[in-house]
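A closer look at the structure
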Amino acid sequence: MVLEAIPCKHCGKTDLVKRYGTTPAATQRFQCGDCKRTFVRIYTNKACDPLVSQQITDLVLNGGGVLDTARMHGINRNTVSRHFKIVVQRLRC
């Protein structure tokens, strides 16, 4: 059996990451013992992936269209629109 060090997606530490149950889609969840946040390694919903979320934010801030962004990432246009509204609301505060 090979043990694999899993880095935390939030703080990057590998020594205190433990299994923390499963998601409703039967994907393994993990919890970081340092920052106490939970995460999954493989997202079933692309829009929940922090990397895709960051790319959507970058495209929105650089003038990318909602439909183009949705087609590029293979997610629904309503999801991109909702994310766009959240980004705009954060910028106003």
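What you see is a predicted model; the values in this text were computed from it and never measured. (Residues numbered from 1 in each chain as written. Predicted model: local features only at pLDDT ≥ 70, side-chain atom pairs only at ≥ 80, totals over all residues. Heavy atoms only, no water.)

Remarks on the pattern of salt bridges
Under the definition given, this model contains two salt bridges. Between Asp-34 and Lys-13 there is a salt bridge, with its nearest N and O atoms 3.3 Å apart. One end of the pair, Asp-34, is in the loop between strand S2 (28–32) and strand S3 (38–40); the other, Lys-13, is in the segment before strand S1 (17–22), and 21 residues separate them in sequence. A relative accessible area of 40% places Asp-34 in the partly exposed class. By relative accessible area, which is 40% here, Lys-13 ends up partly exposed. (Salt bridge = Lys/Arg side-chain N within 4 Å of Asp/Glu carboxyl O. Helix = DSSP H or I, 4+ residues; strand = E, 2+ residues; numbered from the N terminus. Buried < 20%, exposed > 50% of the residue type's maximum accessible area, 1.4 Å probe, protein only.)

So far we have only geometry, and geometry alone does not tell us how the molecule works.
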